[in-house]
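Listed here are the chains, written in short residue letters.
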Amino acid sequence: MYEPVTPDGADHWPVAAGRIASHTDPLEQPDLVNRLVPEHLARDTVETMMPLRRAPAPGAAGGATA
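Residues numbered from 1 in each chain as written. Predicted model: local features only at pLDDT ≥ 70, side-chain atom pairs only at ≥ 80, totals over all residues. Heavy atoms only, no water.

1. Re the overall build of the protein
- Of regular secondary structure, the protein possesses three helices and zero strands.
- Listing each helix as α and each strand as β along the protein from the N terminus yields α-α-α.
- Across the 66 residues that make up the protein, the buried fraction comes to 3%.
- By element, 60% of the accessible surface of the protein is carried by carbon and sulfur atoms, the whole surface being about 6,400 Å². (Helix = DSSP H or I, 4+ residues; strand = E, 2+ residues; numbered from the N terminus. Buried < 20%, exposed > 50% of the residue type's maximum accessible area, 1.4 Å probe, protein only. Areas by Shrake-Rupley, 256 points an atom, 1.4 Å probe, with all protein chains shown as cover.)

2. What about the environment of V33?
- Note that V33 resides in helix α3 (residues 30–42).
- For V33, a relative accessible area of 23% corresponds to the partly exposed category.
- The contacts of V33, once residues within four sequence positions are left out, are D25, P26 and P38. (Contact = heavy atoms within 4.5 Å.)

Structural data, given as structure tokens:
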């Protein structure tokens, strides 16, 4: 089914599938995950890319006030 859309033919699919991130990475690479999660959480706040899905910040127009 996918052979016509890949220039490398059917033999390329196992190679491509092998490069996709696994959902079991925390079990397969715990050291990497244990390093990446704290780094991610320690970052400063990033610009909101999809503001419609996030509540307004407190004190902002339309936001909750304390």
